Amino acid sequence: MPKSKDGIEYIWTDKKRTLFGLPLSFTRYYLADTRLITRVGFLTVTEDELDIYRITDKKMKLPLFQRIFGCGSIILYSKDVDTPEKEIHAIKNPRQVSDLITACINEQRDRFGIRGRDMVGPAGIQPDLCDCDDNL
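Residues numbered from 1 in each chain as written. Predicted model: local features only at pLDDT ≥ 70, side-chain atom pairs only at ≥ 80, totals over all residues. Heavy atoms only, no water.

1. Details of the sheet that holds strand β6 (residues 55-61)
Here is the rule: We treat two strands as partners when DSSP finds at least two bridges between them. A run of H or I in DSSP counts as a helix once it spans at least four residues, and a run of E counts as a strand once it spans at least two, with each numbered from the N terminus. Fitted lines through C-alpha atoms give the axes, limited to the stretch in contact for helices. The angle between two N-to-C directions lies from 0 to 180 degrees.
What the three strands build is an open sheet, ordered β6-β7-β8; its pairing is antiparallel. The sheet is open, and its two edges are formed by β6 and β8 (85-92), each paired on a single side. Neighbour-to-neighbour, the strand axes of this sheet turn through a mean angle of 20°, independent of strand direction.

2. With respect to helix α2 (residues 94-112)
The test is simple: One less than the number of residues in a helix, times 1.5 Å, gives the span that helix is expected to have. Exposure is judged per residue with a 1.4 Å probe applied to protein chains only, and the accessible area is read against the type maximum: over 50% gives exposed, under 20% gives buried, and values in between give partly exposed. As used here, the arc belongs to the directions running from the helix axis to the C-beta atoms.
Along its 19 residues, α2 runs 27 Å from first to last C-alpha, staying within 8% of the 27 Å computed at 1.5 Å per residue. What α2 keeps buried is the set P94, V97, S98, I101, C104, I105, Q108 and R109. Along the long axis of α2, the arc covered by the buried residues comes to 130°, so they all point the same way. When the buried face of α2 is taken as reference, the exposed residues oriented beyond 90 degrees from it are R95, Q96, D110 and R111. One or two positions beyond α2, positive phi appears at G113, with a value near 70°.

3. Considerations on the packing of aromatic side chains
To keep it simple, the criterion reads: The aromatic pairing rule takes the rings of Phe, Tyr and Trp, using the six-membered ring of Trp, and pairs them if the centres are within 6.5 Å, calling planes under 30 degrees apart stacked, those over 60 edge-to-face and the rest tilted.
A complete count under the given rule lists six aromatic pairs for this structure. For the ring pair Y53 and F112, a centre distance of 5.3 Å and an interplane angle of 50° mean the geometry is tilted. Separated by 59 residues along the polypeptide, Y53 in the loop between β5 (46-51) and β6 and F112 in helix α2 bring together distant segments of the chain. Exposure remark for F112: the relative accessible area of 45% places this residue in the partly exposed category. For the pair F65 and F69, a centre-to-centre distance of 5.4 Å together with 75° between the ring planes defines the contact as edge-to-face. Joined through ring pairs, the aromatic side chains of F20, F65 and F69 make up one cluster.

4. Let's talk about a nonpolar patch on the surface
Operational definition: Excluding any residue in a salt bridge, patches collect residues exceeding 30% relative accessible area, merging like charges within 9 Å and nonpolar Val, Leu, Ile, Met, Phe, Trp and Tyr side chains within 5 Å. Computed by Shrake-Rupley with a 1.4 Å probe, the accessible areas treat only the displayed protein chains as cover when residues are assessed. Take a side-chain nitrogen of Lys or Arg and a carboxyl oxygen of Asp or Glu: if they are within 4 Å of each other, that pair is a salt bridge.
On the surface, a nonpolar cluster with roughly 760 Å² of combined accessible area is contributed by L19, F20, L22, L24, L64, F65 and I68. Along the polypeptide, F65 turns up in helix α1 (residues 64-68). In this structure F65 comes out as partly exposed when scored by relative accessible area, which is 48%.

5. A few points about the pattern of salt bridges
Scanning all chains against the criterion turns up five salt bridges. One salt bridge connects D14 with R17, and the closest N-O pair in it is separated by 2.8 Å. Residue classification places D14 among the buried positions, given a relative accessible area of 9%. Among the ionic pairs, R35 bridges to E49, the shortest N-O distance being 3.1 Å. Of this pair, R35 sits in strand β4 (residues 35-40) while E49 is found in strand β5, placing the two residues 14 residues apart along the sequence.

6. Let's talk about the environment of D51
Note the cut-off: When checking whether two residues touch, look at their non-hydrogen atoms; a contact exists if any pair is within 4.5 Å.
Note on placement: D51 falls in strand β5. By relative accessible area, which is 32% here, D51 ends up partly exposed. Setting aside residues no more than four positions away along its own chain, D51 makes contact with T34 and R35.

7. What to know about the pairing of strand β3 (residues 27-32)
Within β3, five of the six residues are buried, leaving the element largely enclosed by the surrounding structure. In this structure, strand β2 (residues 8-15) lies alongside β3, joined through five bridges in antiparallel fashion. Bridge pairing in β3 places Y10 opposite A32. Judged from the five bridges that link them, β3 and β4 form a sheet pairing that is antiparallel. Its bridge partner lying in β4, R28 is registered against R39. Count of turn residues in the β3/β4 antiparallel hairpin: two residues.

Now the structure itself:
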């Protein structure tokens, strides 16, 4: 069920879990259909946004102590200049959240007509595979 705050419809929201899987943290994660927002802080709040369609890969970490309490972490790799790697620390039901992020990624890429090969730039070209002759 979408949750609304600040005029934005959120698909998923959770807090970073600390001791014994309890949400005793000032780090909060929000997933909207177009972006992932990380909000950190109590008195001074810092927000970081990551456009969903820019995510190129993801990885899940499930340490034993987090697994005991049904938690885990998701690491997202993106083509964002500001945040090339984003970790969603110690959240409940990480597998379901990962699947939800994948669905949002595919939906946004279909909307903009973007595929994985479109995300590779000049830095992604390996010089050993280039058919160019530098001696010309």
